[in-house]
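Close look at the chain arrangement
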Amino acid sequence: MALQRPGPLDNCPLPHCLSSPEEELELQLEREMLDHASRMDLGKPPAEHPPWEDELASKIRQMTVDERRLMLKTICFSLQDDSACVGRRKLGSEAIDAFIQDLLMASDTAPGHSLQETISFHLFGLLLQESPGSLMAEHLPCLLELSHQGSGQREGMALAVGIASTSHLEEVWIMLEHLGQRRCLKPSFPDENSQPEASLHWKWSSSTMLLCFGHMAMRAKAKILPWVDNIMSRMVYYFSSSSYVRGHLSGVPGHACMCHDLMRCLSVGHACDFVATETSQLLLRGALELVQIHGGLVHKSVEGYWVTMGLSIDFCTLPAHGQDSVLKVSFLSATSMLAKVLKFESSTQDYRFTQIPELVQCLLSILQKERNILATLLRQKIILVILELSTLRPHLKPMVKSRILQTCLQSLYPLPPMEMKISVALPKPVPDVMMLYNKTMQALDQLLQQFISENETMDEIYFLLQGQAGIGGDSPGPSRQHTESWLQSEHSHERKRVVQSIFLMLQYVVELNFTDCATPSRLGRYIGLLTLLWRDQDEFIQSHSRHCVYFLLQILLQQRKPTKEESIYLTKMRSWESKDHRDWELLLYNLVQALDKNLTVAQHTQLVLTFLQGLARGSHLCSDLASELLYLVFEGPGIRKEQVPEILHSLFQELPGIVFRDVQLAMVKAVTTLGTQHTQETVEVVLALSPPNERQTLILWRALGDNARLARKVVTVLYMKMSLRPDKELVRPNQQAQLVSVLAMRTIYELLYTPPYKPTVRWAFAGILLGLLTELHYLFDLGCVQGISVACEPSTLEQQPLSPSRTCLEALKGLFWTTNYWEVFSYLTLAGGWELFERQDTFTEGVTLLARAMAQYNCEMSAVLGQVVISLKSSSERDNVVAIFLLVEFLTSQELTQYVSHRALDSFLSLGLRSHSRLVQAMSLKGLSSLLMQPKKVRLLESRAATLLNRLQKPDPQDPRGLMQILGYVLHSLGPYRDSAFSLKIAQHLLLLFEDDRAEVREGAILLFGDIIYSRSRKHCELFKSITFQALVPLLFHLADPCPRVVAKAKFTFLRCAILLHWEFRKELFCTLAWGHGKGAQNDVFIYMMESNFGNFNQFLTQAFQYLGSPHQNLKRAAMKFIGVLGPNSPPNCPEGLMRDYFTELCFYLKREDLSFIRKCLTTLNEDEDSCSRRFYHNLSEGLQMLAQYVV
């Protein structure tokens, strides 16, 4: 398939601009070197020596030793002359005497132009090759002493050395070692007295040495094997010891190990022991010194067919003169020659090379600093050389492969788009950038295919995609990503290139059709990354990412014999590509089904985790696609139970990064679907994620509550979790807050105030109630009561988390408040019932009071009774205690018999008798002896109540408070058997006791009055409402009673009266009574009372005037404030009241007899000694006169 090359894109990184003439000349030089390099193809065997070389060598063998010596000296003198004028004229035949010219003519040689330029070096090498060792040892040093400045000089010397080594390999090696010790490894700092020319003479001697090693390998071929490791080690060492490399290899991974290996290599091998000590010292010295390379760039006319590569490295942190192109070109030339020889020698197949990784590392160090432009085939040639080296044995280790891929991808993918206009001075003629790019990418593709051919396994495929962590399965390893970061790049052209590389690699793998059974789990991640590109803005990326996913699934199918079901959805995906359907949802459905059928559980988990990470992408298209895929995955059967924890943990981490509202809503829907599939596992994971009041956790809980059926399952699971209470001996103090039961209780507390769960909480009211009561009992047993009685303000609640016991108590309160059973909540709040739950010794009293309030307002009695029976059957003592106290208190309710029969109640109470707890047994006996179970006791208690009332009605009864307490207990015990007429009689007498001088009597009377008004029957309902109405004004004024206990009981009874009379603002009245303060709260209570009793203002007014003669100043002033003043002379700051706010209504409802009674009460006020009372009298008198004018 023909691939389109990536085009220009916006917002791509700008290439490095060449701003100096030196850099432009450098690029031109590299271009010329690469042109020469194209003459040597690494894919072809090494070329044999020229045909005229054998004939010329035959002529030389006929010469005497003296003739050869003379000829060597002549050539050497000629080369010395040419070396002195290098750069000004070419090396030519005029530098060779007539004798040499005659020899060439006699040999009938007709060398070409390029050969004529180096014929002297070629001839010098042939002379040394055919001469004895003594002659070679005499003249080769003279050759190496020539200047190394010119490129032709270096290449010619290397050629001569390579030819000479054909017959004298060991002698040549020793001389090169000596030269390296004496010249190459010496520090390059020029002396103060030295001339610049002297410094340049030996400046690039290391480059000459590198070229010599390459030509020695080219000439020696198979004979080089015993020397190859030593040659490689010297090449690496000369390259890494130079100032160019020392300045930049220090940051290269493995450099320290590489230097260590080089030092080891220097100390072994043929004829090199004598340099080990000195070279080691020089290496250490060179590591501490930055050698300053003087002079400009080398001459641009680099010639010779031995130059096989040109390199260009731009170290942005160093000036241009620090870039030694000569050294790196020489190193690459030598490496390519060595790689070519080793590739085509059959004997190398059984040889194990030790220095290949070091050679590769040097190549990578060059590639790492290449400019971000594509003007030459530099990258292609480096990759091809690395490819050839990787074929040698042993194969490269995964760590080295990973480093190669990282460096190559980093060098290629960030290149600007090929069609982009580059503001860089390129050499003339301008290169075909697209051609350069295509060849370079083809080299990368060949490298990937080579790695796969070495190890045809799924592990290898995943390793090439991911990196070091994929080696040997799924074991963790260093973080060395290969393609992942490029797949997620912000730049489209980078994503194009990586998708193209993966596509070609997978296409090659599919054609191999190998049947490896490895299943790396994180392969699912790459399927996910490629799938997230299906909606990329670039059509090229869309199309090829779909093909990549298809190829991966096809490879997985090749590993085993697929079933029809497994391959059907893959076939549909392929047909979609060919028919060009536009049904996007169907495509995604087929994809998800194919993934579910063909991936392992571990791979599928990684796939889902990748989709989850895609939610937080900056691209809306990608995030939206991820949410669609997740919904389809969660909706189907693909998710297993064991996957849920990891999936939810990842989702929890990604939630804060989701920036698009529609994606958030889609994920809420997906979580709901997941919870429907795996409710138990989902609840357990979310429960353990973090405190339920955190925003991310609440999002998950809300998602689980969007479905009413699922919400019920969630609350049921939480209830079951709250029942898991380990024994006290197994719980450490620092683990109390992390208990599963505590976490479940905290979650239920939060869900009470979560709107989607309101119907569910109402449905599970009974179970939650008993669960919270039992949990609080359990926390008391653990001793976890810290902070339970702290009255926290709202600001404090936000800053400090509540303790477990306090949270449980607040959840108990919230259960009644959020389910709109606020009457029960208000009952316990104003009666001080919640404080009973703050101590273990009063816990059962709190349960009893709670049950009494629930019975009074008929709060879920039927459901609670059913849960009580379940708790009584439980083996847990705590469950039994809570259940029996609730049941016994319910026995006094008038409505209990509507829900359960006497026989059922008897069996329930008998269950308590079988409990191991004596408290439960005692309460069961109390229930069995109740009037509901023993009706014969009714007459006895009624007579006892009548006796108590008679004693209370006496003029000066003894201990009236005690009498009222006993009377209240007897009436409560009578329960449904109470006589309403008798209760009404008691209530009428209690109204008189409201004004008793003793605070405890007032307190007891007000409290008992509130209990009695709820013991009415339907027959006497109106009578009870009438007497309740009569108590409103007294109770209102007692809100200002000097005794705080009386005030508390007055609030409690006043609210109960309002509930009984069905006021309109009952709930608001409770909030004001419970938490209101100051004049604002007083005014609100006044308004609630007035607005709920329209038409009864005249009665309120006459009752209020009676309190103007009260001996209690607080009550008198409360009456004044309630009445208010009305008149032209009333002060502007006079408090508003009934007379002022409801004057019109009073005019309509008051009667003449009411005015007479009011004047009578007002007359007594004029005689009061209190100045405030007299002033109120005068102000009110004028108002009464106005009122009398309008009263009908």
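Residues numbered from 1 in each chain as written. Predicted model: local features only at pLDDT ≥ 70, side-chain atom pairs only at ≥ 80, totals over all residues. Heavy atoms only, no water.

**Digging into the overall build of the protein**
Counting its secondary structure elements, the protein contains 60 helices and zero strands. Burial status across the protein gives 58% buried among its 1192 residues. Of the roughly 50,800 Å² of accessible surface on the protein, a fraction of 52% belongs to carbon and sulfur atoms. (Helix = DSSP H or I, 4+ residues; strand = E, 2+ residues; numbered from the N terminus. Buried < 20%, exposed > 50% of the residue type's maximum accessible area, 1.4 Å probe, protein only. Areas by Shrake-Rupley, 256 points an atom, 1.4 Å probe, with all protein chains shown as cover.)

**Observations concerning the pattern of salt bridges**
Any two side chains of opposite charge can pair, on the condition that their charged atoms come close. Applying the stated criterion to the full structure yields 28 salt bridges. For E177, the salt bridge goes to R234, with nearest N and O atoms at 2.7 Å. Here E177 is found in helix α9 (residues 169–184), whereas its partner R234 is found in helix α12 (residues 225–240), with 57 residues between them in sequence. Overall, R234 belongs to the buried group, its relative accessible area being 1%. A salt bridge links E860 to R762; the nearest nitrogen and oxygen atoms lie 3.5 Å apart. In this pair, E860 sits in the loop between α41 (843–856) and α42 (861–872) while R762 sits in helix α36 (residues 758–763), placing the two residues 98 residues apart along the sequence. In the salt-bridge network here, residues are joined through shared partners; they are R806, E810, K813 and E838. (Salt bridge = Lys/Arg side-chain N within 4 Å of Asp/Glu carboxyl O.)

**With respect to the nonpolar core**
Counting residues in each nonpolar core, the largest one holds 360 residues, and the members touching the most others are L769, F816 and F837. The element that contributes the greatest number of residues to this core is helix α37 (residues 765–782), accounting for twelve residues. Excluding residues that lie within four positions of it along the chain, L769 makes contacts with L812, L815, F816, L850, M854 and V864. (Core = buried A, V, L, I, M, F, W, Y, C linked by side-chain atoms within 4.5 Å. Contact = heavy atoms within 4.5 Å.)

**Remarks on the environment of D624**
You can see D624 is positioned in helix α29 (residues 620–635). Judged by relative accessible area, D624 falls into the buried class, the value being 18%. When near neighbours in sequence (up to four residues on either side) are disregarded, D624 contacts R535, D662 and V663.

**Considering the confidence of the model for the protein**
On average, residues of the protein carry a pLDDT of 80, and 79% of them reach 70 or more. Low pLDDT, under 50, characterises residues 86–97; the predicted model gives this stretch 20 contacts beyond four residues in sequence or across chains. Residue range residues 469–479 is modelled with pLDDT below 50. Its contacts to residues more than four positions away, or to other chains, number 14 contacts. (pLDDT = per-residue confidence, 0-100.)

**Re the side chain of T457**
Take T457: it is sitting in the loop between α20 (433–454) and α21 (458–465). Side-chain polar atoms of T457 contact the backbone nitrogen of E460, separated by 3.2 Å. T457 has contacts with F514 and D516, leaving out every residue within four places of it along the chain. (Polar contact = N/O pair within 3.5 Å; in protein donor to acceptor, adjacent residues only side chain to side chain.)

**A few points about the packing of helix α44 (residues 902–913) against helix α45 (residues 918–928)**
Where α44 meets α45, the closest approach of the two axes is 7 Å, and the angle between their N-to-C directions is 155°. Of the possible angle classes, the one that applies to α44 and α45 is roughly antiparallel. In the crossing of α44 with α45, the sense of the turn from one axis to the other is left-handed. Residues D906, L909, G912 and L913 of α44 form the contact with α45, whose participating residues are V920, Q921, S924, L925, G927 and L928. (Axes fitted to C-alpha atoms, helices over the stretch in contact; angles between N-to-C directions. Parallel < 35°, antiparallel > 145°, perpendicular 65-115°, else oblique. Left-handed = near helix turned anticlockwise from the far one by under 90°.)

**Regarding unusual backbone geometry**
Look at the link from R393 to P394: it is a cis peptide, with omega at -5°. Relative to the helices and strands, P394 is located in the loop between α18 (378–390) and α19 (398–412). Although it is not a glycine, N820 sits at a positive phi angle of roughly 70°. Among the secondary structure elements, N820 is positioned in the loop between α39 (804–818) and α40 (822–830). Judged by its relative accessible area of 47%, N820 is partly exposed. Of note, the phi angle at E860 is positive, near 50°, even though the residue is not glycine.

**Examining the packing of aromatic side chains**
All told, the structure shown has 34 aromatic pairs when counted by the stated rule. For the pair F1086 and F1122, a centre-to-centre distance of 5.6 Å together with 80° between the ring planes defines the contact as edge-to-face. Within this pair, whereas F1086 is found in helix α54 (residues 1078–1091), its partner F1122 is found in helix α56 (residues 1113–1123), the two being separated by 36 residues in sequence. Owing to a relative accessible area of 4%, F1122 belongs among the buried residues under this scheme. Just above the ring of Y631 sits the side chain of K669; from NZ or CZ to the centre is 4.8 Å. Taking the ring centre of W817 as reference, the NZ or CZ of K1067 above it sits at 4.6 Å. (Phe/Tyr/Trp six-rings, centres within 6.5 Å; stacked < 30°, edge-to-face > 60°. Lys NZ or Arg CZ within 6 Å of the ring centre and 35° of its normal.)

**What to know about helix α32 (residues 679–689)**
Where burial is concerned, most of α32 is hidden: eight out of the eleven residues are buried. Those residues of α32 that are buried are in contact with α30 (644–654), α31 (661–677), α33 (695–705), α34 (708–722) and α35 (740–752).

**Concerning the environment of A220**
Among the structural elements, A220 can be located in helix α11 (residues 205–220). Remark: the alpha-carbon pair of A220 and S165, spanning 55 residues in sequence, is separated by 7.3 Å.

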